[in-house]
Amino acid sequence: MNITLITVGTLKEQYLTTAMGEYIKRLSAYAKFEEINLKEEKILDEDNEKEIAAALDAEGEKILKAVPKDAYLITLCVEGVQVSSEELAKKIETAAQKSGKICLVIGSSHGLSPKVKAASDYRMSVSKLTFPHQLMRVMILEILYRSMTILAGKRYHK
């Protein structure tokens, strides 16, 4: 299975990059993993909805170009479906059987372009709570690792 994680924006905090590295290492036992990090568009006026929409549109174009061909696209967004760990594992298993490629997308601090959401095969929400998109990178890697251990019948998931 090939898993691609597309993220927008830079990750500067060492403790988060260390945690990501640990989960990427763990995931490598179950799947080939690739992270694609895209530059976040600059927004001069954070209160200007048109400027935000233009930035999301530009980011969306870059995201859609980066999605591997034939990958099952999962976007992380607030209006997505909340699932249990077991339900996500099953979703990943079913998606992997189709093409062997899964791509997850975490947008910028302003979210995702409607074009990216429309192109997704599955919209997922991790929680009704709001988390920093940088922390979400670590969280989704742990979630993916947990899914892989569930599918492999390992004891990590309790």
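In this text the structure is predicted, and so the values were computed from the model without any measurement.

Rules used throughout
- Residues numbered from 1 in each chain as written.
- Predicted model: local features only at pLDDT ≥ 70, side-chain atom pairs only at ≥ 80, totals over all residues.
- Heavy atoms only, no water.
- Patch = residues over 30% accessible without salt bridge, like charges linked within 9 Å, V, L, I, M, F, W, Y side chains within 5 Å.
- Areas by Shrake-Rupley, 256 points an atom, 1.4 Å probe, with all protein chains shown as cover.
- Salt bridge = Lys/Arg side-chain N within 4 Å of Asp/Glu carboxyl O.
- Lys, Arg positive; Asp, Glu negative; His and termini not counted.
- Charge placed at Lys NZ, Arg CZ, Asp CG, Glu CD.
- Buried < 20%, exposed > 50% of the residue type's maximum accessible area, 1.4 Å probe, protein only.
- Disulfide = S-S within 2.5 Å.
- Core = buried A, V, L, I, M, F, W, Y, C linked by side-chain atoms within 4.5 Å.
- Helix = DSSP H or I, 4+ residues; strand = E, 2+ residues; numbered from the N terminus.
- Contact = heavy atoms within 4.5 Å.
- Pairing = 2+ DSSP bridges.
- Right-handed = clockwise from strand over helix to strand, strands pointing away.

1. Quick notes on a negative patch on the surface
A cluster of acidic residues, D45, E46, D47 and E49, forms a negative patch on the protein surface. For E46, a relative accessible area of 45% puts it in the partly exposed group.

2. A few points about the state of the cysteines
Scanning the model with the defined rule gives zero disulfides in all. Free of any disulfide, C77 has its nearest cysteine sulfur in C103, 13 Å distant.

3. Considering the nonpolar core
Of all hydrophobic cores here, the largest spans 29 residues; its most connected members are L104 and I140. Counting residues per element, the ones that place at least two in this core are strand 1 (2-8), helix 1 (14-27), strand 3 (72-81), helix 3 (85-99), strand 4 (101-106), strand 5 (122-124) and helix 5 (133-152). Considering each element in turn, this core owes the most residues, eight residues, to helix 5. What L104 contacts, discounting residues up to four positions off in sequence, is I3, T4, L5, I6, I74, I140 and L144. By size, the runner-up hydrophobic cluster in this structure holds 13 residues, among which are I36, L38, I63 and V67.

4. A word on the pairing of strand 3
Of all 10 residues that make up strand 3, seven are buried, and the element is covered over most of its length. Note: strand 3 against strand 4, four bridges, orientation parallel. Residue T75 lies in a different strand from strand 4, and its bridge partner there is V105. Once the chain exits strand 3 it traverses helix 3 before rejoining the sheet at strand 4, and the crossover so formed is right-handed. Pairing analysis gives four bridges linking strand 3 to strand 5, with the strands arranged parallel. In the strand pairing of strand 5, V81 is matched with M124.

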